[in-house]
Amino acid sequence: MNEMLDLNKEKQTLIQAHLNGASGKEIVWRYTQVIDQFVKEQWAKIASAQANAEVALVAIGGYGRKEMSFHSDVDLLILHKEQTSPELSEIIVEFVQSFWDQRLRLDHSFRTLKECLKIAQEDFSAFMSMLTPRFLTGNPQLYEEFRSSLQQYVASSRKEALEILLRKYHQRHKQYSDHIYLLEPHIKEGVGGLRDIHTILWTGIIQFGVSNLDGLLQKGLLLEREKRDLEKAIDFLWKIRNHLHYLSNRENDELSFGYQEEFARFWGLEDTGIIKAVEKFMRLFFTHSFHIKHIAHLFLDRILETNKSAPAKTLVPGITLKEGKIKISREDIFSKDPSLLVKIYTWAAQYKAKFDISVHAHLHRIIHSLNPLLSYNLKVRDTFLEFLSTNANLLPLLEDMTYQGLLCALIPEWQCILHLPQHNIYHIYTVDLHSFHVLQEIKHLQTGEYKDKFPVLTAVFQQIREIEVLFLAALFHDLGKGIGHPHQETGAKKAREILVRWQLPEEKVEAIVWLIENHLLLSHTAQRRDLEEEKVIIDTAEKIDNLKHLEMLYVLSFADAKATGPRAFSDWKMALITELFFKVKQV
């Protein structure tokens, strides 16, 4: 007789393998195999031949997907026939008890085929958990009936299921966009977490009958680079999840502040220069979560119905706008005119268009081949400045520029703040995303969206004529955070190098550099000094060259605070800055 599985010994062996550097994928797959063996052994020990004929044990949910971390629930469907023998209930009780005896968290359901289909219609989460079933033991014919019936149900309810899935995806993103979830990410449900990958896979199953990334690649719905990035990110998140379970000694998917420094140590990271070890680790995390979030967004855009009523338009020979999507038909179009790499983003903003996969298929490769030249190309520069001035929401387009590598090709210095976090309770975004949000806050003033909520700021913004100066100052204001302290000075110095390379007029360069050097002046003075003291007002006024600079600094101070997070912005703080602005203006 074969020796029974020692579950605790097997788990300890896997924990040691994890601590010794095993990949996330290796651990979750090996632990899934251990649980498979346990389930099969316990059932074989308890079940009679009759019970075996009446039941199919099916792994579903995360267990079905082979994503078992050390304290994951065992999601088990005990599928049974309509008519069962009296002894079956006692066998099931004893079987379930064997899990509790081993301190395994069993999340089980005991259902007939009809009940499974009924619950699929009533409970969408239960339906999703059944989309990735694996037969373990029992009656294989009963399992095949279940699988076949479920496939038929999926086919008959495809449109409705996809609508619900997308609605839940957006609801979850809205819920987990709260600032606390950005500081302490939820690696399963959070934006850019495992659930975004599940959404991609569930969509593939529902819409195309494809259950893995390779299948989606073959269907032309993912690019090879996107697939690789997702696979790396999945492995990274699994490894984090394994370590969270190990440290917590329980199921835990929240990467809280208290654990983040421990993770940096486990990853073997150390403080270097101005970047802390914990910021290096969280930079890795935010890089992978950004990839997941963005690829999920691209993928879902690709499978949604196109706007067939949108008029077709040739933007330039070789680039067309059709059914709400920008498409390219000539592979050499970007190499002949590199400025079109940026121009397509301006068109996307102007026409509220999406990119066809044909565009993304060429972008990264072309950008890589042209990279050394793009940052010096003045036509590319002008096209980028035109893009920044576009009166539209640029945030998703800047994020796509980031993923495709275009922004770092245009501005190589951007690499120093790419996905760089700030390990404190104030900054909810990475430095690069914060800069995008600062720009977007100014855009809200530009479009008039804030005219009722912030009428004074809106009126001041309307007086500003050097919009390009303000936009570039907003984009580059925190560049120094990836270079050295004080970041206002190091960032201003680096920004000057960029602007001189771009051959901007000296007057503009000086204005942008001044704004970067002084972007904290109003907020720090307003919050740290007594505004009733005349000397404070006079000293502040002496540091500001002219009224134009004051107006731009006021708008930049607002946008910077608003884009930092709720702890950095409040009506009270803004009232102080506004008070200081008007007092300095009078001087």
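The text that follows walks through the structure, step by step, so that each part is easy to find. Just so you know, these numbers come straight off a predicted model, no measurement behind them. (Residues numbered from 1 in each chain as written. Predicted model: local features only at pLDDT ≥ 70, side-chain atom pairs only at ≥ 80, totals over all residues. Heavy atoms only, no water.)

## Focus: the overall build of the protein
Counted only if it meets this: Secondary structure elements are taken from DSSP: a helix is a run of H or I of four residues or more, a strand is a run of E of two residues or more, and numbering for both begins at the N terminus. The criterion used for residue contact is that any of the two residues' heavy atoms lie within 4.5 Å. Per-residue and other accessible areas were derived by the Shrake-Rupley procedure at a 1.4 Å probe size, with only the shown protein chains allowed to occlude residues.
For the protein, the count of helices and strands is 30 helices and 8 strands. Each principal axis of the C-alpha atoms in the protein carries an extent, and together these give about 90 × 55 × 45 Å. Sequence separation of at least 24 residues holds for 71% of the intrachain contacts in the protein that already meet a minimum separation of 6. Here the protein has roughly 26,400 Å² of accessible surface; of this, 49% comes from carbon and sulfur atoms.

## Quick look at helix α17 (residues 340-351)
Note the following rule: What a helix is expected to span follows from its residue count: subtract one and scale by 1.5 Å. Each residue gets one of three labels from its accessible area relative to the maximum for its type: buried under 20%, exposed over 50%, partly exposed in between, using a 1.4 Å probe on protein chains only.
Its 12 residues give α17 an end-to-end C-alpha distance of 16 Å, which sits within 8% of 16 Å, the value for a rise of 1.5 Å per residue. Across the 12 residues of α17, 10 count as buried, placing the element largely inside the fold. Considered for burial, the residues of α17 that qualify are L340, L341, V342, K343, I344, Y345, T346, W347, A348 and A349. Following α17 by one or two positions, K352 adopts a phi angle in the positive range, close to 50°.

## A word on the pairing of strand β4 (residues 134-138)
The cut-off we apply is this: When DSSP finds at least two bridges between two strands, those strands are taken to pair.
Taken across its 5 residues, β4 has 4 buried, putting it largely inside the fold. Bridging between strand β1 (residues 55-59) and β4 involves 4 bridges; their strand directions are antiparallel. Residue pairing for β4: V58 is matched across the bridge by F135.

## Quick look at the layout of surface pockets
Operational definition: A pocket, in this scheme, is an open set of points on a 1 Å grid over the protein atoms alone with protein on both sides within 12 Å along at least 5 of 7 lines, while a cavity is a set where a 1.4 Å probe fits but cannot get out; residues line either one if an atom lies within 4 Å of a point. Grid points are joined across faces, edges and corners, and a volume is the space filled by probe spheres set on the points. Residue type decides the class: Asp, Glu, Lys and Arg count as charged, Ala, Val, Leu, Ile, Met, Phe, Trp, Tyr, Cys and Pro as nonpolar, and the leftover types, Gly among them, as polar.
By volume, the largest pocket amounts to about 1,500 Å³. Among the secondary structure elements, those contributing two or more residues to the lining of the largest pocket are α9 (158-175), α10 (179-183), α15 (277-303), α17, β8 (354-355), α20 (395-404) and α22 (431-447). With 11 residues, α15 is the single largest residue contributor to the lining of the largest pocket. For the lining of the largest pocket, the class distribution of residues is 24 nonpolar, 17 polar and 9 charged.

## Re the nonpolar core
Counted only if it meets this: Take the buried residues of types Ala, Val, Leu, Ile, Met, Phe, Trp, Tyr and Cys, join any two whose side-chain atoms come within 4.5 Å, and each joined set is a nonpolar core.
Counting 107 residues, the largest nonpolar core has F384, W414 and F476 as the members making the most contacts within it. Non-local contacts of F384, meaning those with residues more than four positions away in its chain, are made with V342, M401, L407, L410, I411, L475 and W502. One finds L201, A264, I292 and I303 within the second-largest nonpolar core, a separate group that totals 39 residues.

## Focus on the environment of I205
Within the secondary structure layout, I205 lies in helix α11 (residues 194-208). Spatially, the C-alpha atoms of I205 and D432 are 35 Å apart, while their sequence positions differ by 227 residues.

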